[in-house]
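Inside the fold
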Amino acid sequence: MSVLVELDGQYRQLREECGLLDRSERGKLLVSGGEAAEYLQGQLTNDIEALAPGEGAYAALLDRKGHMQGDMRVLRPDDDTDLLLDTEPEALEAVRRHLGMYKIGREVNVVDVSAERAILALIGPRSVEVAGSAALPENACEEVTIAGTQALAVGTATGIDLIFGAGARERVVAALLAAGAAEVSPEAVEILRIEAGRPRFGAEMGTETMPAEAGIVEQAVSFTKGCYIGQETVARLHYKGKPNRHLRGLKLSSAEGGQPGDAILLGEKEVGRLGSAGVSPAFGPIGMAILRREAEPGVTVAVGEDGVTAEVVALPFG
């Protein structure tokens, strides 16, 4: 019970004030050189060459059959040629290996700077105030100074991310706490992500997922740019077909059941695997998964082997 009470307090902090979460485990790649943007344009799903200084984009790296190898945020902090990519930890190695392999013969350098840079996420309505930044659209970025440290402030759907040299982490954390942030757990932040219906690579999304199945096409894919790996499959599915699977929410019957990876059954047929689950103070036990199309909103499915059931719902919750 104490964990639930603690999470409830953190949830209120995130909804009403400003929560602080260290996300430095994310992978970070610096892509530089005169052909950096042109190179990424042919590798990733979004329009990287269109980025102006201070802009960013959400994008995916696909294989030739249109399956995701990773997703990432691509940032162009200023008017030079450097682009900063940050990815889920599960995607870093595949993205790093791919971008390093296919750059041969191009004026492009790909450097893993994961250990050199920290990422702190400020989440909640007071995030901009605590960061001392402008109110930034999602993926837009600007330089700010916190406790004498230069940091890149990046707009997110829920607040501001700060990216800066890892050696200054303790000093920056202390300044943010003094400005009104409160540290929160990954579990509390996951509840907000599930409520919002935002899939995560390594949870709902994996190497067998297509962007349309995860519902990220609008955010991650450009249909007006030139060719990129996996484009034909993505375009054909978008214009001519319907995906066989869709990202769905789950209202679970119990807070005690439902573990990531559990099979989800409609009758005797497996229709997917549970991606994430948590107990929302607003909606109760909830989860998220990519399910076959027959598991439509309104049907009841079985989750795992412990008698837990769930109502399939459209996302976001509420």
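Residues numbered from 1 in each chain as written. Predicted model: local features only at pLDDT ≥ 70, side-chain atom pairs only at ≥ 80, totals over all residues. Heavy atoms only, no water.

**Points about the state of the cysteines**
Counted under the stated rule, the structure contains zero disulfides. Unpaired in terms of disulfides, cysteine 18 finds its nearest cysteine sulfur in cysteine 141, a separation of 19 Å. Note on cysteine 141: relative accessible area 6%, which makes it buried. (Disulfide = S-S within 2.5 Å. Buried < 20%, exposed > 50% of the residue type's maximum accessible area, 1.4 Å probe, protein only.)

**Quick notes on unusual backbone geometry**
In this chain, leucine 315 is followed by proline 316 through a cis amide linkage whose omega measures 0 degrees. Checked against the element boundaries, proline 316 lands in the segment after strand 17 (308-313). You will see that asparagine 139, though not glycine, has its phi angle at about 75 degrees, which is positive. By the element assignment, asparagine 139 lies in the loop between helix 4 (127-131) and strand 8 (141-146). Its relative accessible area of 12% is what places asparagine 139 among the buried residues. (Helix = DSSP H or I, 4+ residues; strand = E, 2+ residues; numbered from the N terminus.)

**Some details on the pattern of salt bridges**
On inspection of all chains with the given rule, the structure shows 20 salt bridges. Put simply, glutamate 17 and arginine 126 hold a salt bridge, and the shortest N to O gap is 3.5 Å. Separated by 109 residues along the polypeptide, glutamate 17 in the loop between helix 1 (2-16) and strand 1 (19-22) and arginine 126 in the loop between strand 7 (117-123) and helix 4 bring together distant segments of the chain. With a relative accessible area of 31%, glutamate 17 lands in the partly exposed category. Between glutamate 138 and arginine 198 there is a salt bridge, with the nearest N and O atoms lying 2.7 Å from each other. (Salt bridge = Lys/Arg side-chain N within 4 Å of Asp/Glu carboxyl O.)

**Regarding the sheet that holds strand 9 (residues 149-155)**
Ordered by their spatial adjacency, six strands build an open sheet running 8-9-10-7-1-11, and the pairing between neighbours is mixed. Sheet topology places strand 8 and strand 11 (182-183) at the edges, where each strand pairs with a single neighbour. Relative to strand 7, strand 1 runs antiparallel, the two sharing four bridges. Within strand 7, the position partnered with leucine 20 by the bridge is leucine 122. (Pairing = 2+ DSSP bridges.)

**Comments concerning helix 5 (residues 169-178)**
Those residues of helix 5 lying buried are Val172, Val173 and Leu176. For helix 5, the angular spread of buried residues about the axis comes to 100 degrees, placing them on one side. Exposed and facing more than 90 degrees away from the buried side of helix 5 are Glu170 and Ala178. Turning to helix 5, the residues buried within the fold contact strand 1, strand 7, helix 4, strand 8, strand 9 and strand 10 (159-165). Looking one or two places after helix 5, you find glycine 180, whose phi comes out positive at around 120 degrees. (Arc of directions from axis to C-beta. Contact = heavy atoms within 4.5 Å.)

**Here's the deal with the pairing of strand 5 (residues 83-87)**
The element strand 5 is largely enclosed, with a buried count of five among its five residues. Here strand 5 shows two buried faces, one formed by Leu83, Leu85 and Thr87 and the other by Leu84 and Asp86. Both strand 2 (residues 27-32) and strand 5 contribute to a ladder of five bridges, which runs antiparallel. When the bridges of strand 5 are listed, leucine 29 appears paired with leucine 85. The antiparallel pairing of strand 4 (residues 68-76) with strand 5 creates a hairpin that spans six residues between the two strands.

**Remarks on the nonpolar core**
Counting residues in each nonpolar core, the largest one holds 41 residues, and the members touching the most others are Leu40, Leu44, Val74, Leu85 and Leu99. No other element matches the six residues that strand 3 (residues 55-62) contributes to this core. Ignoring sequence-local partners within four residues, the contact set of valine 74 consists of Leu40, Leu44, Ile48, Leu51, Glu55, Gly56, Ala57, Ala59, Leu83, Leu84 and Leu85. Ala131, Ala140, Ala168 and Leu176 belong to the second-largest nonpolar core, a separate cluster that totals 21 residues. (Core = buried A, V, L, I, M, F, W, Y, C linked by side-chain atoms within 4.5 Å.)

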